[in-house]
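Architecture at a glance
Here's the letter readout for the chains.
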Amino acid sequence: MRRTDMFTGIVEELGTVAAVEDQGDAIRLSIRATTVLEDVHLGDSISVNGCCLTVTTVDGDTWTADVMQETLDKTSLLGVGPGTPVNLERAVTADKRLGGHIVQGHVDGVGTVASRTPSEHWEVVEIEIPTGLSRYLVDKGSITVDGVSLTVVEAGADRFTVSLIPETLARTTLGTRRPGDRVNLEVDVIAKYVERLLPFAKESA
């Protein structure tokens, strides 16, 4: 059964892929990190570029997770290799502040960076979004991009824009994503629940 942990979309550190072991219908992903391993236990969940993965082994500064074919097919983790930087966040606990928004670590689709427009203090990034996800986006709403909680600046029919502050550019992979790069997207779960409940609300009206 798939676990349902919660994250906030506030990246704790940039990890580095140490090794990728092909297992046929899956891969074993080894990631080098520091902060997220401070209190880690086997079976804990860590978000990797927005994908919720389960810790299977820990060896010094490296931890491993098994990534199934379904995850590879539906996320940008397909194609990562040794040296690839990844955004890492531990599952949130009840005593932590919810600094971003509710994130499940379940990728809804893979988008593509369309353009980047730098300015003096921030950078506007335009991302193409898969058909079917745009209905969940609204101006000033929340979106998770590669595990990073962001505010939508402008939501379009097939793309959206976000503004990245220097902190986000420096501390996450979004600082180096170039046009054409693929990114994991998770829409706001509240929007999905509202959509699901609307037909029932109309029936009872």
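Another aspect to go through is the sheet that holds strand 5 (residues 57–59). The strands making up a sheet associate through hydrogen bonds between their backbones, and the pairing can be parallel or antiparallel. Taken in spatial order, the seven strands make up an open sheet running 4-3-7-1-2-6-5, and their pairing is antiparallel. A strand with exactly one partner marks an edge of an open sheet, and here the two such strands are strand 4 (51–54) and strand 5. When strand polarity is set aside, the average angle formed by the axes of neighbouring strands in this sheet is 40 degrees. Examined bridge by bridge, strand 2 (residues 26–32) and strand 6 (residues 62–68) share seven bridges and lie antiparallel to one another. Directly across from I27, in strand 6, lies its bridge partner V67.

Tracing the backbone through its elements, the reader meets S119 in the loop between strand 8 (109–118) and strand 9 (123–128). Side-chain polar atoms of S119 contact the backbone oxygen of W122, separated by 2.7 Å.

Here we come to the layout of surface pockets. Here the second largest pocket defines a volume of roughly 390 Å³. R90, A91, V92, T93 and K96 are the residues nearest the centre of the second largest pocket, which is lined by 18 residues in total. Broken down by secondary-structure element, the contributors of at least two residues to the lining of the second largest pocket are strand 3 (45–48) and strand 7 (85–90). Looking at the lining of the second largest pocket residue by residue, the classes come out as six nonpolar, three polar and nine charged.

As a further point, take the sheet that holds strand 12 (residues 159–164). Strands sit in the order 8-9-12-11-10-13 around a closed barrel of six strands; the barrel is antiparallel. Within this sheet the neighbouring strands show an average axis-to-axis angle of 45 degrees, counted without direction. Relative to strand 12, strand 11 (residues 148–155) runs antiparallel, the two being bridged by three bridges. Counterpart to V152 in the pairing with strand 12 is V162.

Cut-offs and rules
Residues numbered from 1 in each chain as written. Predicted model: local features only at pLDDT ≥ 70, side-chain atom pairs only at ≥ 80, totals over all residues. Heavy atoms only, no water. Pairing = 2+ DSSP bridges. Helix = DSSP H or I, 4+ residues; strand = E, 2+ residues; numbered from the N terminus. Axes fitted to C-alpha atoms, helices over the stretch in contact; angles between N-to-C directions. Polar contact = N/O pair within 3.5 Å; in protein donor to acceptor, adjacent residues only side chain to side chain. 1 Å grid on protein atoms, 1.4 Å probe; cavity = no way out; pocket = protein on both sides within 12 Å on 5 of 7 lines; lining within 4 Å. Points joined across faces, edges and corners; volume = space filled by probe spheres on them. Nonpolar A, V, L, I, M, F, W, Y, C, P; charged D, E, K, R; others polar.

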